[in-house]
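# Reading the structure
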Amino acid sequence: LGQAVIDSGLLNAAAQQILDEEYDAAAKTLDAVKEPNATTAYLKAIVGARTNDTQAVLENLKVAVAKDPSLKARAARDIEFAKFAEDEAFKAIVK
């Protein structure tokens, strides 16, 4: 339980850093998560989207949906990924 609480705090911190447009800090915070889950990968994909890193978006979304398939529908309609909606690799991940 201890590590889960620490990781949860890191995810919350990373989410705030993303909102504050501190993308490098958010990436470092997410890398510090000891037991990454679907949310960790999804937040990394958002950082990728906000920094125009298509490879990071695709790689992290693949991990996120593999861990939690319900994230396919969320990612497909998430405004964070709107600019990737026509990308064939993105479509394959979220279908």
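For the structure given in this document, a descriptive report is provided here. The structure displayed is predicted, hence computed values, not measured ones.

Each value, and the rule that gives it
Residues numbered from 1 in each chain as written. Predicted model: local features only at pLDDT ≥ 70, side-chain atom pairs only at ≥ 80, totals over all residues. Heavy atoms only, no water. Helix = DSSP H or I, 4+ residues; strand = E, 2+ residues; numbered from the N terminus. Buried < 20%, exposed > 50% of the residue type's maximum accessible area, 1.4 Å probe, protein only. Salt bridge = Lys/Arg side-chain N within 4 Å of Asp/Glu carboxyl O. Phe/Tyr/Trp six-rings, centres within 6.5 Å; stacked < 30°, edge-to-face > 60°. Lys NZ or Arg CZ within 6 Å of the ring centre and 35° of its normal. Lys, Arg positive; Asp, Glu negative; His and termini not counted. Polar contact = N/O pair within 3.5 Å; in protein donor to acceptor, adjacent residues only side chain to side chain. Contact = heavy atoms within 4.5 Å.

### Some points on unusual backbone geometry
One non-glycine residue, Glu21, adopts positive backbone phi at about 60°. Considering the arrangement of structural elements, one finds Glu21 in the loop between helix H1 (2–19) and helix H2 (23–31). Phi at Asn52 takes a positive value of approximately 55°, unusual for a residue other than glycine. On the secondary structure map, Asn52 appears in the loop between helix H3 (38–50) and helix H4 (54–67). Of the residues examined, Asn52 reaches a relative accessible area of 56% and is grouped as exposed.

### Considering the pattern of salt bridges
A complete count under the given rule lists 4 salt bridges for this structure. The salt bridge partner of Glu86 is Lys91, with a shortest N-O separation of 3.6 Å. The exposure class assigned to Glu86 is exposed, which follows from its relative accessible area of 64%. Judged by its relative accessible area of 32%, Lys91 falls in the partly exposed class. With a closest N to O distance of 3.3 Å, Lys91 and Glu88 form a salt bridge. With Lys91 and Glu88 both in helix H6 (residues 88–94) and 3 residues apart, the pair spans about one turn of that helix. One network of salt bridges, in which partners are shared, links Glu86, Glu88 and Lys91.

### Some remarks on the packing of aromatic side chains
The tally for this structure, following the rule as stated, stands at 2 aromatic pairs. Judged by centre distance (5.5 Å) and plane angle (85°), the rings of Tyr42 and Phe81 are edge-to-face. Here the residue Tyr42 occupies a position in helix H3, and Phe81 occupies one in the loop between helix H5 (71–77) and H6, the gap between them amounting to 39 residues. Like Tyr42, the residue Phe81 is buried in the burial classification. An aromatic cluster of three or more residues is present, and its members are Tyr42, Phe81 and Phe90. Stacked on the ring of Tyr42, the Lys or Arg Arg74 has its end atom at 4.9 Å from the ring centre.

### A few points about the side chain of Asp78
Structurally, Asp78 can be placed in the loop between H5 and H6. Salt bridges are absent for the buried Asp78, whose nearest opposite-charge side chain, Arg74, sits at 4.5 Å. A polar side-chain atom of Asp78 sits 2.7 Å from a polar atom in the side chain of Tyr42. Apart from the residues within four sequence positions on either side, Asp78 is in contact with Tyr42 and Ile46.

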